[in-house]
Amino acid sequence: MSMPLLSILIFFPILGGLSLLCVPRQQVATIRTLALLVSLIELCLTLPLVLLFDKSTHVMQFVEQHAWIPALRINYSLGIDGISILFLLLTALVIVVSVLVSWEAITNKVQEFFVAVLLLEGAMMGVFCATDFILFYVFWEAMLIPMFLIIGIWGGPNRIYATVKFFLYTLVGSLLMLVGIILLYQHGGRTFDILKLAGQAYPLKLQLILFWAFFAAFAVKVPMWPVHTWLPDAHTEAPAAGSVILAGVLIKMGAYGFLRFSLPILPDATQLMMQPMLVLSVIAIVYGAIICLAQTDLKRLIAYSSVSHMGFVTLGLFALNQQGLEGSILQMINHGLVTGALFLAVGMIYERTHTREIAAYGGLASTMPVFAGFFLLFTLAAVGLPGTNGFVGEFLILLGGFESRPWSAVIAASGLILGAWYMLWLYQRVFFNEVKEGMRGLPRLDLREIATLAPMAFLILWIGLYPNALLGFLHVSVGHLLDQVHGVGLAGTETALPSALARLP
Amino acid sequence: MIQTAAVTWTALDPILPELLLIGIGVLLVGCDLFIPRQRQALPWLTVVGCIAALLMILGARPTSAFGGMFLADGYAMVFKVICLGAAILTTLISEQFWQTVGGRQGEYYSLLVFSLVGMLLMASAGDLMVLYLGLELMALPVYALVGLHKRDGRTSEAAIKYFLMGAFASALLLFGVSLLYGLTGTTDIGRIAETVATMKVAANPALLAALGLLLAGLCFKVAVAPFHLWTPDVYEGAPTLVTALMSIGPKAAGFAIFGRIVFYGLPELQSHWGPILAALALLTMAVGNITALCQQSLKRMLAYSSIAHAGYALLGLVAGTEEGMAATMAYLAVYLFMNLGAFAVLILLAAPGERRESLDDCKGLAGKHPVVAALMLVFLFSLTGIPPTGGFIGKFYLLKAAFAAGYPLTVVGAVLFSAISAFFYLRVVRLMYMSEADHSACLNFSPGMRAVLGVCLAGVLGLGFFPGPVLGWIVAALAGN
């Protein structure tokens with residue numbers, strides 16, 4: 001490739017964001033329009049990736065490699081495979097949507113807000129493209145700064161507590177990963193290239209140490225039980241756009257980290273730790289769902305449902321088979337769309353009613369019928385109704401889980417039932433019953449809001465009906481990943497060689 | 001018959017930058033006395049002199065002079081550039097500072113330049129005598145600078161405290177030096193290393209006592225716990241400008257002699273000083289970061305943070321490898337920009353006749369002065385060590401070096417303390433961006449202040465995004481040794 005497509009993808013929003021600084025602060029409308037334009041162009045920039053992507057190979061594509069810090073052997077190396085390309089698309093879409101949803105919700109420090117969102121987009125793109133461990137870490141940590149500001153400046157009443165908690169949780173996890181990276185560098189032939197680090201035969205003890213070091217960073221980000229406690233606070237207090245980005249992309253990075261680093265680089269430790277990880281996943285599913293039943297706050301309920309849904313994601317991931325992994329990745333995309341859409345919807349009614357108490361709502365179905373229709377679709381997708389995307393992902397995950405550890409799928413399935421309970425109950429309380437005081441005469445959805453929700457609704461149905469559109473990208477890459485985990489890859493041939501030689505006459 | 005060695009002027013070539021600065025210092029005293037109306041030219045004279053010295057140092061070839069007593073090698077060059085950078089940047093801010101604070105400024109510049117000569121000598125010291133000479137030449141003017149506001153009780157207290165403690169530390173250092181001389185019969189640092197190696201005195205208790213005394217003295221100079229107790233009071237009491245200088249210049253020079261003694265002079269004892277320094281580094285980070293958590297004064301918080309950063313910088317020395325030394329140098333280079341940037345913003349906040357040093361004075365800064373707040377944000381995130389700022393690269397280099405040298409637990413401790421530090425740096429960000437202002441501060445920028453903020457921002461981000469050339473330069477300078 002002559003065009004550095006991935007670099008453009010990373011730096012276009014960053015430069016676009018910085019160019020917003022040139023616009024005078026008072027011209028709010030110009031700033032919004034420019035931000036939307038930048039995010040839309042960024043979405044278009046992902047198109048050539050989709051069109052030119054070769055689905056039949058697991059090797060990194062659109063590769064770029066330059067020396068960045070020769071003294072530390074850090075390279076600026078980018079590349080994507082079938083797993084990362086989906087996340088790039090999701091990120092670009094989520095940012096467009098979150099710019100749209102902040103159109104009128106953000107009235108204070110508008111310029112700073114959109115700059116932060118676009119810088120965040122650049123960093124998130126970088127996380128999914130980086131194939132150098134330190135470059136990955138740089139993007140991974142750089143995301144913290146804009147997210148910290150987005151929650152802390154434009155968030156709800158308890159925003160400062162929430163944002164500091166979010167920052168410190170993720171920072172501690174990431175720093176432990178940093179130590180792990182240095183340890184890996186020492187033992188993996190003094191390189192930070194993740195392709196070279198994978199497929200080496202590390203001693204099991206080292207693998208276990210590294211596994212837990214990486215776990216510290218990734219599990220906090222996912223978040224897995226019991227390190228999930230930052231998520232409800234951050235989700236609840238963040239502005240709508242912040243919640244959408246958090247749910248849509250940020251928390252996917254933890255699972256992406258497991259996929260990209262823990263599984264291929266530390267296959268033996270992954271297999272050994274499969275059981276504990278499955279246990280944690282199952283606990284997250286059931287625990288998150290039960291907590292949801294007790295919530296009185298709309299956003300907090302959806303936040304805890306994220307904990308439960310991400311439990312499904314890690315369950316599929318650590319089932320370590322084709323169905324589980326594909327379902328897990330698909331479910332990450334689904335969850336990004338569905339939960340993102342739910343947060344969008346909640347943001348929209350919050351703008352109208354300024355309350356998040358479920359008890360204050362009632363009868364919205366008659367006052368805002370179009371909105372009720374959208375919300376119903378999102379609710380059903382979250383529950384996993386066949387025909388929506390949620391069904392495909394969860395079904396694959398349960399299939400994978402059953403194949404690998406039947407008990408995990410059995411318990412996880414109970415999470416589905418609980419999920420239907422809390423989501424439908426929520427829908428009933430908010431949209432049915434008699435119309436509550438203060439819920440009358442709410443303005444209907446305007447065109448911008450419908451334009452925000454419609455693409456999400458479309459994608460939910462489209463993936464639900466034709467999941468192969470996304471799964472097609474995954475088959476080969478996931479297959480290769482599983483080969484690495486089960487030792488059929490590079491390390492496998494090496495260990496298999498002596499026994500094969502022994503059989504020769 | 002008395003034998004005389006032929007003296008040629010070319011022998012002075014390696015110390016020309018120092019001689020130039022001494023000349024500038026004398027000139028500054030003269031200008032201050034005899035043409036008092038032209039005092040506003042003094043900072044510019046200082047800056048021009050420092051820049052000239054900087055260029056001379058960068059252009060010079062590695063040599064040694066006076067029989068190895070003065071080493072103008074790559075090692076010295078890196079530290080000299082950092083010290084000169086600190087002097088230049090603080091001088092550029094000084095105009096604004098004296099405008100708001102008032103007071104006598106003539107002495108300030110000459111004392112600064114003389115102290116700077118001391119720092120350069122420390123960086124170049126190849127002999128324990130020169131090292132001590134440089135140390136005292138650096139320290140004495142700084143004692144005076146700390147007490148520059150004669151009528152301010154806080155300042156005078158800080159100066160006295162600093163002087164007494166500093167003299168005590170110098171005495172410890174001298175005691176160590178004399179023991180070392182007694183054991184090896186030389187004060188040349190290179191030859192001490194050879195003698196210790198050949199005479200196999202590594203286990204000699206007197207040598208260990210000398211090492212202990214040297215370490216105590218050196219740790220005092222770079223404010224490493226448990227020898228840090230003077231730092232918060234002195235840093236808080238001194239005029240902010242002097243604090244900014246002290247937290248960088250003398251500290252970098254202190255690390256220069258620290259590295260020279262332990263790394264070049266006593267490499268045989270690495271198994272002794274390595275673990276000791278590792279423990280001290282951890283202790284320093286703990287003390288600095290945890291105490292900074294509960295400060296109400298921004299200045300005092302930055303003082304504790306600079307203690308913590310001394311702990312990080314020490315990690316490179318702990319490693320005791322070339323890589324570690326390079327990491328310490330790189331960290332100090334980044335630290336120059338980020339710490340000076342933070343202090344520059346602190347100076348900017350001060351209003352005439354009013355001390356604005358408390359954390360509450362940052363409240364709502366983002367609303368009124370978004371650019372200043374954004375700059376402070378970058379400096380604070382860099383001090384925390386979050387990429388893509390230079391602070392991350394510096395810290396990463398240190399961690400990597402310490403890890404490679406076999407101190408994994410120290411590295412884990414360092415990252416945990418670094419997470420703790422995030423809390424108090426973030427508190428400032430929180431106050432700037434997430435609180436409403438109590439009072440409306442009107443900030444005015446002198447041209448020098450603008451330049452310094454610009455340079456610091458460029459330094460922090462430049463070292464974050466494109467650290468390659470600078471790190472390459474440092475590694476090459478060390479290797480060319």
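Calculation notes
- Residues numbered from 1 in each chain as written.
- Chains lettered and ligands numbered in written order.
- Predicted model: local features only at pLDDT ≥ 70, side-chain atom pairs only at ≥ 80, totals over all residues.
- Helix = DSSP H or I, 4+ residues; strand = E, 2+ residues; numbered from the N terminus.
- Buried ≥ 20, exposed ≤ 12 C-beta atoms within 10 Å, placed from the backbone.
- Contact = placed C-beta atoms within 7 Å.
- Rg over C-alpha atoms; globule rule 2.2 N^0.38 Å.
- Nonpolar A, V, L, I, M, F, W, Y, C, P; charged D, E, K, R; others polar.
- Axes fitted to C-alpha atoms, helices over the stretch in contact; angles between N-to-C directions.
- Parallel < 35°, antiparallel > 145°, perpendicular 65-115°, else oblique.
- Left-handed = near helix turned anticlockwise from the far one by under 90°.
- pLDDT = per-residue confidence, 0-100.
- Pairing = 2+ DSSP bridges.
- Expected span 1.5 Å × (residues − 1).
- Core = buried A, V, L, I, M, F, W, Y, C linked by C-beta atoms within 7 Å.

Topic: the overall build of chain B
In terms of regular secondary structure, chain B is built from 20 helices and two strands. In terms of its C-alpha atoms, chain B occupies a principal-axis envelope of roughly 75 × 60 × 40 Å. Considering chain B as a whole, with its 481 residues, one finds that 59% of them fall into the buried category. Considering only contacts within chain B whose residues lie at least 6 apart along the sequence, 79% involve residues at least 24 apart.

Re the overall build of chain A
When its secondary structure is counted, chain A shows 23 helices and two strands. Taking 23 Å as the expected radius of gyration for a compact globule of 505 residues, we find that chain A reaches 22 Å, a close match to that expectation. Expressed along its principal axes, the backbone C-alpha trace of chain A runs to roughly 85 × 55 × 40 Å. Counting over 505 residues, chain A shows a buried share of 59%.

A few points about the interface of chain B and chain A
With 25 residues of chain B in contact, the opposing surface of chain A contributes 25 residues. When contributions to the side of chain B that touches chain A are tallied by element, the ones reaching two or more residues are helix 17 (390-404), helix 18 (408-434) and helix 20 (468-479) of chain B. Counting residues per element, the side of chain B that touches chain A draws most heavily on helix 18 of chain B, which supplies eleven residues. Classifying every residue of the side of chain B that touches chain A by side-chain character gives 20 nonpolar, three polar and two charged.

Looking at the packing of helix 14 (residues 322-349) of chain B against helix 17 of chain B
Residue and element names in this part refer to chain B. Where helix 14 contacts helix 17, the two axes come as close as 8 Å, and the packing angle between them is 160 degrees. Taken together, the axes of helix 14 and helix 17 are roughly antiparallel relative to one another. Where helix 14 crosses over helix 17, the two elements pack in a sense that is left-handed. Facing helix 14, whose interface residues are E323, G324, A327, A330, Y331, V334, F337 and M338, helix 17 presents G390, G391, I393, G394, Y397, L398, A401, A402 and A404. Tallied by class, the residues present in the contact of helix 14 with helix 17 amount to twelve nonpolar, four polar and one charged.

Considerations on the confidence of the model for chain B
In this model, chain B carries a mean pLDDT of 88, and residues with pLDDT of at least 70 account for 96%. Note on the complex model: pTM 0.90, ipTM 0.88.

Let's talk about the environment of B:K161
All names here are of chain B. Inspection of the secondary structure puts K161 in helix 6 (residues 153-184). Measuring from C-alpha to C-alpha, the distance between K161 and D233 comes to 8.3 Å, with 72 residues separating the pair along the chain. The residues touching K161, leaving out its near neighbours within four places in the chain, are W230, D233 and V234.

Some words on the confidence of the model for chain A
Model confidence for chain A is summarised by a mean pLDDT of 86, while 96% of its residues fall at 70 or above. Segment residues 489-505 of chain A: pLDDT under 50, and eight contacts once partners within four positions in sequence are set aside and those in other chains are kept.

Here we look at the packing of helix 3 (residues 82-105) of chain A against helix 11 (residues 240-250) of chain A
All names here are of chain A. With their axes 8 Å apart at the nearest point, helix 3 and helix 11 run at an angle of 165 degrees to one another. In this view, helix 3 runs roughly antiparallel relative to helix 11, as classed from their interaxial angle. Remark: the crossing between helix 3 and helix 11 carries right-handed chirality. Two secondary-structure elements touch here, helix 3 through L90, T91, V94, V97, S98, V101, S102 and A105 and helix 11 through A240, A241, V244, I245, G248 and V249.

A short note on the environment of A:E326
All names here are of chain A. Relative to the helices and strands, E326 resides in helix 16 (residues 322-353). Taking the C-alpha atoms as reference points, E326 and G316, separated by ten residues in sequence, lie 7.9 Å from one another. Apart from residues no more than four positions distant in its own chain, E326 is found in contact with L396, L471, L474 and V478.

Structural notes on the pairing of strand 1 (residues 61-69) of chain A
Residue and element names in this part refer to chain A. Both strand 1 and strand 2 (residues 74-80) contribute to a ladder of six bridges, which runs antiparallel. Considered in strand 2, the bridge of Q61 is made with I80. Between strand 1 and strand 2, which pair antiparallel in sequence order, lie four residues; one of them, R73, sits at a positive phi of approximately 60 degrees.

A look at helix 8 (residues 205-221) of chain B
One turn of the α-helix equals 3.6 residues, which is why residues spaced by three or four share an orientation. Residue and element names in this part refer to chain B. The terminal C-alpha atoms of helix 8, which comprises 17 residues, lie 24 Å apart, in line with the 24 Å expected from a rise of 1.5 Å per residue. Residues of helix 8 that are buried make contact with helix 6, helix 11 (249-265) and helix 12 (270-293). In the segment just after helix 8, A223 is the residue with positive phi, at about 60 degrees.

Focus on helix 6 (residues 144-154) of chain A
The buried fraction of helix 6 of chain A is high, at eleven of eleven residues. If you check which residues of helix 6 of chain A are buried, you get A:L144, A:I145, A:P146, A:M147, A:F148, A:L149, A:I150, A:I151, A:G152, A:I153 and A:W154.

Remarks on the nonpolar core
Among the nonpolar cores identified, the biggest contains 397 residues, and A:A345, B:C83, B:M122, B:A344, B:M376 and B:A402 are the most heavily contacted of them. The element that contributes the greatest number of residues to this core is helix 14 of chain B, accounting for 22 residues. The residues contacting B:A344, other than those within four sequence positions of it, are B:I93, B:M449, B:V452, B:L453 and B:C456.

Concerning the environment of A:Q27
Residue and element names in this part refer to chain A. Here Q27 is to be found in the loop between helix 1 (5-20) and helix 2 (28-52). For Q27, a count of 13 C-beta atoms within 10 Å puts it in the partly exposed group. Separated by 84 residues in the primary sequence, Q27 and Q111 place their C-alpha atoms 9.0 Å from one another.

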